[in-house]
Amino acid sequence: MSPDRRTMNGAETMAGYGGKRPRSAEVALLGVYEISKVLTAPGRLDEALGRVANLLSSFLDMNHGLIALLNEDGTPELVVGSLCDGATAQREFEQLPAQVIGRIVVTQMPLVIENVLEDPLFIAADTGAPRAVDPERGERYRSFVGVPIKDRGHVLGTLSIDREWEPSDRSEFLFDDDVRFLTMVANLLGQTVRLQRMVAREPPEGERQSRVAARVVQGVAGLVEERLVVVQASLGARDEVDD
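One numbering rule holds for all chains: residues counted from 1, following each sequence as written. Totals for whole chains, interfaces and linings use all residues, but because this is a predicted model, local features are given only for residues with pLDDT of at least 70 and pairs of side-chain atoms are given and counted only at 80 or more. Only hydrogens and water are set aside when side-chain values are computed; all heavy atoms of the structure are taken into account.

A. Local environment of the overall build of the protein. Elements are defined by DSSP. Helices are runs of H or I of four residues or more, strands are runs of E of two residues or more, and each kind is numbered from the N terminus. Assigned secondary structure in the protein consists of 7 helices and 8 strands. What makes two residues a contact is simply this: any of their non-hydrogen atoms within 4.5 Å. Intrachain contacts of the protein at a sequence separation of at least 6 include 66% that bridge at least 24 residues.

Set out below in structure tokens:
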């Protein structure tokens with residue numbers, strides 16, 4: 001099923017490519033590999049999620065990223081954001097319209113909003129988003145992309161990003177790539193959260209199952225790394241042919 005497209009748009013950028021735009025498949029593979037390494041490392045869940053939120057900006061053109069784990073009643077249990085502390089991340093999450101988060105949770109589907117400054121969900125909520133026209137920088141839009149964090153068909157939370165862009169950049173964006181990448185990351189987050197909660201509830205048996213599952217995730221990371229090498233070699237050969 002395709003994401004809820006209130007309007008579609010997006011970008012693919014990544015540091016470390018010497019100004020050369022990487023292919024989206026290569027970015028996604030590298031991103032999933034790096035994030036899987038963070039999630040399989042020992043440590044607290046909130047710290048791991050914070051590192052993942054910070055990593056997102058290396059693989060996506062974005063302003064902010066939020067990872068929110070929700071209680072059964074929909075209230076936030078834990079919120080972390082990119083390049084900000086927990087209190088700031090909590091405030092940013094609370095500024096998102098409840099209907100936006102609710103739609104992602106209820107439908108269990110991604111939601112893409114091209115310009116929150118013109119979208120009824122955000123306008124009705126009066127979130128305090130910046131004006132569409134800045135006197136100094138000219139006209140700018142702000143987009144929102146959110147996906148559910150799921151495990152075994154149950155929504156555990158949301159992963160979302162926002163970005164500012166200018167109307168002249170419209171042809172540069174492919175939001176489908178953002179949705180695919182964020183969905184892969186959200187799947188890894190869902191598995192990690194389940195394992196952490198399993199250990200907390202049933203320490204002896206939970207730890208054993210967690211170790212087994214962690215080895216599985218590490219195995220997936222190894223396969224991703226192998227695939228990344230193949231993709232990079234293929235792209236390198238293609239570039240040589242093109243030259």
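B. Spotlight on the nonpolar core. To qualify as a nonpolar core, a set must consist of buried Ala, Val, Leu, Ile, Met, Phe, Trp, Tyr and Cys residues joined through side-chain atoms within 4.5 Å. Relative accessibility thresholds used throughout: buried, under 20% of the residue-type maximum; exposed, over 50%; partly exposed, between the two (1.4 Å probe, protein chains only). Membership of the largest hydrophobic core comes to 36 residues, with the highest contact counts inside it found for Ile67, Leu159, Phe181 and Leu189. If you list the elements that add at least two residues to this core, you get α1 (24-40), α2 (45-59), β2 (64-70), β7 (141-151), β8 (154-165) and α6 (175-201). The element contributing the most residues to this core is α6, with 9 residues.

C. Main features of the packing of aromatic side chains. Working definition: rings of Phe, Tyr and Trp (its six-membered ring) pair if their centres are within 6.5 Å, and the pair is stacked with planes under 30 degrees apart, edge-to-face with planes over 60 apart, and tilted otherwise. Tallied over the entire structure, the rule returns 2 aromatic pairs. With centroids separated by 6.1 Å and ring planes inclined at 45°, the aromatic side chains of Phe59 and Phe181 adopt a geometry described as tilted. Of the two residues, Phe59 sits in helix α2 while Phe181 sits in helix α6, which places them 122 residues apart along the sequence. Relative accessible area serves as the criterion here: at 4%, Phe181 is assigned to the buried category.

D. Inspection of the side chain of Asp162 at higher detail. Within the fold, Asp162 resides in strand β8. Residue Asp162 is classed as buried on the basis of its relative accessible area of 17%.

E. Structural context of the pairing of β2. Burial runs high along β2: 6 of the 7 residues are buried. Here β2 pairs with β8 via 6 bridges, running antiparallel. Paired with Ala68 across the strands is Thr158, a residue of β8. In this description, strands pair whenever DSSP reports at least two bridges between them. Of the strand pairs in this sheet, β2 and strand β3 (residues 76-81) are connected by 5 bridges, and their pairing is antiparallel. Looking across to β3, one finds that Ile67 is bridged to Val80.

F. Structural view of unusual backbone geometry. Unlike most non-glycine residues, Leu83 shows phi in positive territory, near 55°. Along the chain, Leu83 falls in the loop between β3 and α3 (86-95).

G. Representation of the packing of α1 against α2 within the structure. Geometry is summarised by axes, namely lines fitted to C-alpha atoms with helices restricted to the contacting stretch, and by angles between N-to-C directions that run from 0 to 180 degrees. Their axes nearest at 10 Å, the elements α1 and α2 cross at an angle of 165°. Comparing their axes, α2 and α1 come out roughly antiparallel. By crossing handedness, the relation of α1 to α2 is classed as right-handed. Note on element contacts: α2 touches α1 through Ala48, Leu49, Arg51, Val52, Leu55, Leu56 and Phe59, opposite Val27, Leu30, Gly31, Glu34, Ile35, Val38 and Leu39. Classes in brief: Ala, Val, Leu, Ile, Met, Phe, Trp, Tyr, Cys and Pro nonpolar; Asp, Glu, Lys and Arg charged; the others, Gly included, polar. Split by residue class, the contact of α1 with α2 holds 11 nonpolar, 1 polar and 2 charged. When an angle is under 35 degrees it counts as roughly parallel; over 145 it counts as roughly antiparallel; between 65 and 115 it counts as roughly perpendicular; any other value is oblique. Helix crossings are classified by the rotation of the near helix relative to the far one: an anticlockwise turn of less than a right angle makes the crossing left-handed, while a clockwise turn makes it right-handed.

H. Structural context of the side chain of Asp119. You can see Asp119 is positioned in the loop between β4 (111-113) and α5 (120-125). Judged by relative accessible area, Asp119 falls into the buried class, the value being 5%. Nitrogen and oxygen atoms within 3.5 Å of one another constitute a polar contact, given that in protein one can donate a hydrogen and the other can accept it, and given that sequence-neighbouring residues count only through two side-chain atoms. Reaching out from Asp119, the side chain makes a polar contact with the backbone nitrogen of Leu121 at a distance of 2.9 Å.

I. Fine view of the pattern of salt bridges. A pairing counts as a salt bridge when a side-chain nitrogen of Lys or Arg comes within 4 Å of a carboxyl oxygen of Asp or Glu. All chains considered together, the criterion is met by 9 salt bridges. Note that Arg197 and Glu77 form a salt bridge whose closest N and O atoms lie 2.8 Å from each other. Of the two residues, Arg197 sits in helix α6 while Glu77 sits in strand β3, which places them 120 residues apart along the sequence. Since its relative accessible area comes to 46%, Glu77 is described here as partly exposed. Here Arg180 and Asp177 are joined by a salt bridge, their closest N and O atoms 2.4 Å apart. Residue Arg180 and its partner Asp177 are both found in helix α6; the two are separated by 3 residues, about one turn of the helix.

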